[in-house]
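# Tertiary structure, described
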Amino acid sequence: MSNRYSFLVPVLQLFLVAVLTVKKITVVSFTALPQNGLRAGQFQSRLRSSVIVAASQSNERNKNPRKKKRKKKTSFDKKAENKKDFVHGGIEVWRIYGISVHPDALEKDRPPSTGAKKAAEPVDQLPAALQKALIGKLRLESIPVGTRVVRRSLDARKKLDHPIYSYVVDIPIEGSLRHSLRWQVKSGRMEKIESITGKKENKTDSNSDHKDDTGNEDQTKNIVVVGMGPAGLFCALQLALGSNGKVRPILLDRGQPVHKRGQDIGRLIHRRVLNEESNFVFGEGGAGTWSDGKLTTRIGRNSGTVRLVLETLVEFGAPADILWKGAPHLGTDNLVKLLRNMRFRLAELGGEIRFGTKMTNIKMDGNKVCGVLAEDGDGNEQYFEGDHVVLATGHSARDVYETLNRAGVKLEPKGFAVGFRIEHPQRIINKIQYGDEWGPSVKTGKSLTDAENEEFFGTKPEHIAKMPPPSYRLATDKAMDGVDGNCRGAYSFCMCPGGQIVPASTDPEEVCVNGMSFSRRDSKWANSALVVTVDPDDKILDKYRTDHGVMAGLEFQRDMERRASKFGGGNLTVPVQRMTDFCDSKVSSTIPSSSYRLGVKSAPCHEIYPEPITNALRDALTNHFQKQMPGYYHPDGLLHAVETRTSSTLRVPRDRNTFLAIGTENLYPSGEGAGYAGGIVSAAVDGINVAETILDTIYGESRPDRIETGKSVGFSY
């Protein structure tokens, strides 16, 4: 009986070996085991030998040279690793990503509207639903004062149970409190940032002196800026603000200020009277003024220059929510107001503004530009001398390219895209993007549009949330063009929910269309460009290249616009075709209603473009876009011909560092027309970059308040 427990010894030895092989430290109590059948010394000796064996096996395993391969650390991970254990008593600012809020919760807690929101909202203005989500996720007792929304976007992807608003939020927090909450850097989810830099005020009354490298410190520099689109306006504004009045920008625009331009557009819409110099394309603000006013860009929302552009727009009257909305847009109504305010400010800063002044030539001294020759509305020629000339004329000023070509300024062809503008009833896009449950909740504030949407779904909304009219983005690089298995890119461009189609023609013998919408996006239609890519060396340009050389792409555009005018019967009537009939190569016997107000005509739009373009668009519609957006290929989708001016067909080559045109001194090509931007924001950024480079040549790079130039080439889809 005394040794009845002795059989447990080998069992315990095996158990301890197994445990210590897995864990380095194990605490075991043996007080429950009777000791009368096994002397204490014997038990301890056997236990010690078992522990030694287990520990030695574990150590040998740890010394194995074939270690598990570690995941390669990124530069961000290394930076985060250096910071994660650093705690101080000051305020840290943490950026929190992916805070999800249900649309109904947001609507329920929404305070009464009191006007435009401020860029940095106090805590009591943060939506209650967002505060609740932050407290729950971050284990906070309350929201710190100074918390602000950096970005809000709507996610309505089909894989989600319901749409959500996703927030990115900056939270200031005391360092020791953050440490007690155990916040750690998690890339893309929770990141510690250095600081939140508030908007820098541009001081025009600074007493700091800029030193002129030329030695003429008291001499005012004249900078001629041709074109008052985003690139020209922001370039002129930055020149005036950054020089303490020692640079006088002279702005020339062939069109009219926004209020007169609006009158010219009214005459076009109601009387079919086209003013070739003041229309939907030419005039103050450029082609983007009468558009959707999109502020999306592919050059980075968080870069310093992009942020400066957005803050400047807010300063001059844009809604403050463009600073944090995921897909901000202004709408034509807001653009008109802020452009007027920018013009007044430029005049206060000493800028000279000339409307109705069309550039006819550049004056050269050898390979150096000395100024600009221009013609006013009465045909009188004028000369504007400038120390530097900025060319920001937009992509529709075809005569400017011809002038530069004759003057010997280097031009090079670039890729572009052409196609149609397609229009669906907005209710169809609502159903595709939101589904039957959330589609009825789309509210624009316009009773006719909202009633039509409810009638289409046949039910009242189930949710209290007021959903915005949805947009879409489609793209493929595998659209078959039917020529030796070639593939082309095809994509949607400048999508305008709740918008309308407008004439973008600058010649009564040509037809070209564009899309626009007001800030409320409350029309019953949704439109977007559907375009196919054309490469600089594309075979479809061969015959144009033979006759026109570097201007081949430009002449191709003109030819397509003239063909569209012929198919529409002239007088700016637009040829149209149902998308299903376009793919079946037949003229539409009936057509749905259109937002284009100058009249549409059913026509064989499939015959306008060369076959490779038509084939590629057919393939994109049926084999790609319909799969990406089931229901998009719809008989009520109406193609309007033609959309040709998505971007410039030419580029003015410039030095990457100085921004000067290669081979031409004192000439700075900028913006969309020069081939260095694609949208309001990227064009404005490019204008700022050019202005900063010019100021560098005058005052040097050590001047105060200098803005670091960033990437400016980008496109908005």
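Residues numbered from 1 in each chain as written. Predicted model: local features only at pLDDT ≥ 70, side-chain atom pairs only at ≥ 80, totals over all residues. Heavy atoms only, no water.

Labelled according to an unreviewed UniProt entry, the protein chain appears under the name FAD-dependent protein C-terminal domain-containing protein, originating from Pseudo-nitzschia australis.

A separate point is the sheet that holds strand β8 (residues 358-365). Overall, antiparallel pairing links the three strands, which are arranged β8-β9-β10 in an open sheet. The open sheet has two free edges, formed respectively by β8 and β10 (381-385), since each of these has just one partner strand. Pairs of neighbouring strands in the sheet enclose a mean axial angle of 30 degrees, with direction left out of account. Relative to β10, strand β9 (residues 368-375) is paired through five bridges, and the arrangement is antiparallel. From the neighbouring strand, Gly371 faces β10, where its bridge partner is Glu385. (Pairing = 2+ DSSP bridges. Helix = DSSP H or I, 4+ residues; strand = E, 2+ residues; numbered from the N terminus. Axes fitted to C-alpha atoms, helices over the stretch in contact; angles between N-to-C directions.)

Let us look at helix α17 (residues 611-628). The end-to-end C-alpha distance of α17, which contains 18 residues, comes to 24 Å, matching closely the 26 Å that a straight helix rising 1.5 Å per residue would cover. When the local axis directions of α17 are compared, the greatest deviation, roughly 40 degrees, occurs at Leu621. Within the sequence span of α17, burial applies to Pro612, Ile613, Thr614, Ala616, Leu617, Arg618, Asp619, Ala620, Leu621, His624 and Phe625. Where α17 is buried, its residues meet β13 (416-425), β14 (475-480), β15 (487-496), β18 (525-534) and α16 (579-584). (Expected span 1.5 Å × (residues − 1). Bend = angle between axes of the 7 residues up to and from the residue. Buried < 20%, exposed > 50% of the residue type's maximum accessible area, 1.4 Å probe, protein only. Contact = heavy atoms within 4.5 Å.)

Another point: a positive patch on the surface. A cluster of basic residues, Lys137, Arg139, Arg182, Lys186 and Arg189, forms a positive patch on the protein surface. Take Lys137: it is sitting in helix α5 (residues 128-138). (Patch = residues over 30% accessible without salt bridge, like charges linked within 9 Å, V, L, I, M, F, W, Y side chains within 5 Å. Areas by Shrake-Rupley, 256 points an atom, 1.4 Å probe, with all protein chains shown as cover. Salt bridge = Lys/Arg side-chain N within 4 Å of Asp/Glu carboxyl O. Lys, Arg positive; Asp, Glu negative; His and termini not counted. Charge placed at Lys NZ, Arg CZ, Asp CG, Glu CD.)

Here we come to the nonpolar core. Counting 107 residues, the largest nonpolar core has Leu239, Leu313, Phe556, Tyr609, Leu621 and Tyr632 as its most contacted members. The leading source of residues in this core is helix α19 (residues 680-699), at eleven residues. When residues of this core are assigned to domains, at least three fall in each of domain 2 (221-414 + 650-699) and domain 3 (416-643). Contacts of Leu621, omitting those with residues within four sequence positions, involve Leu530, Met579, Phe582, Cys583, Gln626, Tyr632 and Tyr633. (Core = buried A, V, L, I, M, F, W, Y, C linked by side-chain atoms within 4.5 Å. Domains from an automatic or database assignment.)

The contact between helix α7 (residues 230-241) and helix α10 (residues 331-348) brings their axes to 10 Å, and the two run at 35 degrees. Crossing of α7 over α10 shows left-handed handedness. Contact residues: α7 offers Leu233, Phe234, Ala236, Leu237 and Leu241, while α10 offers Leu339, Met342, Arg345 and Leu346. In the contact of α7 with α10, the residues fall into eight nonpolar, no polar and one charged. (Left-handed = near helix turned anticlockwise from the far one by under 90°. Nonpolar A, V, L, I, M, F, W, Y, C, P; charged D, E, K, R; others polar.)

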